[in-house]
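In case you want the letters, here they are:
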Amino acid sequence: MKQFKALVRKDIAVHKVALLSPLFIVAGIYLLAGIIWLIAISKNAVLSFNFNALPTGIVENDALRGIISFGTQFTSFVFYIAIICGFAMQAITQRLFNHDIKYKCELFHRSQPVNIWKNALSRYSVGIGGFILVSLLLGIVNYLVINLFVVLNTPISPDWWMGLNGMLLGWLHTAIALLVIGSFNSLFSSLKKESHNTYAALSIFGIEAVIRTVNYLYGLGIPSLIKALIHLAFSGFMDLHKTALVIGTEYSSYYGKGPLNTDLMLKINSLPDGFLATMWGSLFTWDMVIKLLFSTVMIILSTQLYKRREVSF
């Protein structure tokens, strides 16, 4: 265990800039937003959100507050924190097994009395697990920022419990997606010492071109590789969205384009039966089992390929 901890500390030191990059990006966004807000205040041009014009029945509607708090936290995590961490993770997973080559220390590390599986597990823990933990930290900060903004700038009181459920559910679905993407990227990192991004793209699009050609010529129905990979990584988000629409159709109609349907919102008196149970149930599906099995196979295969790869001097 001491040996593994030492490996993790080493990998954190090697990749600390990439690991901290989401924190810097989010801090920069908040700083920029704060500067814009201060400039607006100095020029008496503060944006009016017109929340005070909402009917009292909407402002005091507990069920509606719960739905909005849950949806806001989940959506902001998935389309804000998850995207930032996903792009930042590429900097690590694309070079999990190639960083040593760049600094000409692969022979040194491979010759150490360390089991290669421990070495690989340390890199996965930092390169993938590190961003999963960073995304949780950013999610908590974003959760507090959104709720405090609502408290200080609107007459609406956020539902902290429902918002927390939305944030945590968004984080767990993001964690699964990061695991799938990171483990898949590690396969190409172990295959190719240089230009593995180009190699990965050419491989995927090459296979896709072959599939489409065969389907066109012979009338077969071979599934699209690209669509399968997208579904594998992001189906959790898509399935949760579909579930939310199914169990809350009366809530969803005012999310679309057009004027806010205040009459409909005033009719919302309670959450759908088993709302949270259904939302959390989106994690416990066979689809999630397939994602975990896929990630496990990718990690094992990547490590085996790296183990048999020629050592660079």
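Note that the structure is predicted; figures quoted are calculated from it, not measured.

Definitions and limits used
Residues numbered from 1 in each chain as written. Predicted model: local features only at pLDDT ≥ 70, side-chain atom pairs only at ≥ 80, totals over all residues. Heavy atoms only, no water. Helix = DSSP H or I, 4+ residues; strand = E, 2+ residues; numbered from the N terminus. Buried < 20%, exposed > 50% of the residue type's maximum accessible area, 1.4 Å probe, protein only. Contact = heavy atoms within 4.5 Å. Areas by Shrake-Rupley, 256 points an atom, 1.4 Å probe, with all protein chains shown as cover. Patch = residues over 30% accessible without salt bridge, like charges linked within 9 Å, V, L, I, M, F, W, Y side chains within 5 Å. Salt bridge = Lys/Arg side-chain N within 4 Å of Asp/Glu carboxyl O. Phe/Tyr/Trp six-rings, centres within 6.5 Å; stacked < 30°, edge-to-face > 60°. Expected span 1.5 Å × (residues − 1). Bend = angle between axes of the 7 residues up to and from the residue. Axes fitted to C-alpha atoms, helices over the stretch in contact; angles between N-to-C directions. Parallel < 35°, antiparallel > 145°, perpendicular 65-115°, else oblique. Left-handed = near helix turned anticlockwise from the far one by under 90°. Nonpolar A, V, L, I, M, F, W, Y, C, P; charged D, E, K, R; others polar. Core = buried A, V, L, I, M, F, W, Y, C linked by side-chain atoms within 4.5 Å.

Visitor: Could you clarify how one ought to interpret the overall build of the protein chain in this entry?
Guide: Within the protein chain, the regular secondary structure consists of 13 helices and zero strands. Reading the protein chain from its N terminus to its C terminus gives the helix and strand order α-α-α-α-α-α-α-α-α-α-α-α-α. For the protein chain, with 313 residues in total, the buried portion stands at 41%. The contacts in the protein chain between residues at least 6 apart in sequence include a share of 84% that link residues at least 24 apart. On the protein chain, roughly 17,700 Å² of surface is accessible, and the fraction owed to carbon and sulfur atoms is 70%.

Visitor: I'm lost on a nonpolar patch on the surface in this one. Help?
Guide: A contiguous nonpolar patch, built from Ile140, Leu144, Leu148, Val151, Leu152 and Trp160 and spanning about 550 Å² of accessible area, is present on the exposed surface. Per-element tally for the nonpolar patch: the top contributor is helix α6 (residues 116-153), with five residues. Along the chain, leucine 148 turns up in helix α6. When its relative accessible area of 44% is taken as the criterion, leucine 148 is described as partly exposed.

Visitor: Help me understand the packing of aromatic side chains in this model?
Guide: The relative placement of two aromatic rings is captured by the distance of their centres and the angle of their planes. Taken as a whole, this structure holds two aromatic pairs when the rule is applied. Arranged with centres 5.7 Å apart and planes meeting at 85°, the rings of tyrosine 143 and tryptophan 160 form a pair that is edge-to-face. With a gap of 17 residues between them, tyrosine 143 in helix α6 and tryptophan 160 in helix α7 (residues 160-191) connect regions that are remote in the sequence. Judged by relative accessible area, which is 9%, tyrosine 143 ranks as buried.

Visitor: Looking at this model, I keep getting lost on helix α3 (residues 62-93). Mind explaining?
Guide: An α-helical turn contains 3.6 residues, so a residue and the one three or four places further along point in the same direction. Over its 32 residues, α3 runs 43 Å from end to end, which matches the ideal 46 Å to within 8%, given 1.5 Å per residue. A bend of about 35° at phenylalanine 77 is the largest found in α3. The buried count for α3 comes to 23 of 32 residues, which makes it a mostly enclosed element.

Visitor: How should I be thinking about the packing of α3 against α7 in this particular structure?
Guide: Each pair of packed helices can be described by the angle between their axes along with the distance between the axes. Axis separation between α3 and α7 bottoms out at 8 Å; the angle between their running directions is 20°. One finds that α3 runs roughly parallel with respect to α7. Judged by the sense of rotation from one axis to the other, the crossing of α3 with α7 is right-handed. A breakdown of the residues in the contact of α3 with α7 according to their chemical character gives 13 nonpolar, 16 polar and no charged.

Visitor: Explanation requested: the pattern of salt bridges in the structure shown.
Guide: Close approach of charged atoms allows side chains with opposite charge to pair. Applying the stated rule across the entire model yields two salt bridges. Where aspartate 11 meets lysine 10, a salt bridge forms, and the shortest distance between an N and an O atom there is 3.0 Å. The closest approach of N and O atoms between glutamate 208 and arginine 212, which form a salt bridge, is 3.1 Å. Of this pair, glutamate 208 and arginine 212 both sit in helix α8 (residues 196-218), four residues apart, roughly one helical turn. Given a relative accessible area of 4%, glutamate 208 falls into the buried group. Overall, the relative accessible area of 56% leaves arginine 212 in the exposed class.

Visitor: What exactly am I supposed to notice about helix α13 (residues 286-308) here?
Guide: Taking 1.5 Å of rise per residue, 23 residues should cover 33 Å, and α13 covers 33 Å from first to last C-alpha, within 8% of that figure. What α13 keeps buried is the set Asp287, Met288, Lys291, Ser295, Met298, Ser302, Thr303 and Tyr306.

Visitor: For this particular structure, what's the right way to read the side chain of asparagine 147?
Guide: Here asparagine 147 lies in helix α6. Once residues within four sequence positions are removed from consideration, asparagine 147 is found in contact with Gln73, Pro158 and Trp160.

Visitor: Would you take a moment to explain the environment of threonine 296 for this structure?
Guide: Secondary-structure assignment places threonine 296 in helix α13. In sequence terms threonine 296 and phenylalanine 184 are 112 residues apart; their C-alpha atoms lie 9.9 Å from each other.

Visitor: How should I be thinking about the nonpolar core in this particular structure?
Guide: It is characteristic of soluble globular proteins that their nonpolar side chains tend to be buried jointly. Core analysis: the largest hydrophobic core is formed by 30 residues, its most contacted members being Ile81 and Phe131. Those elements that place two or more of their residues in this core are α1 (2-42), α3, α6 and α7. At 10 residues, α6 tops the list of elements feeding residues into this core. When residues no more than four places from it in sequence are discounted, the contact partners of isoleucine 81 are Val26, Ser76, Ser135, Leu138, Gly139 and Asn142. Judged by nonpolar contacts, the second largest core, of 14 residues, contains Phe70, Leu169, Phe237 and Leu240.

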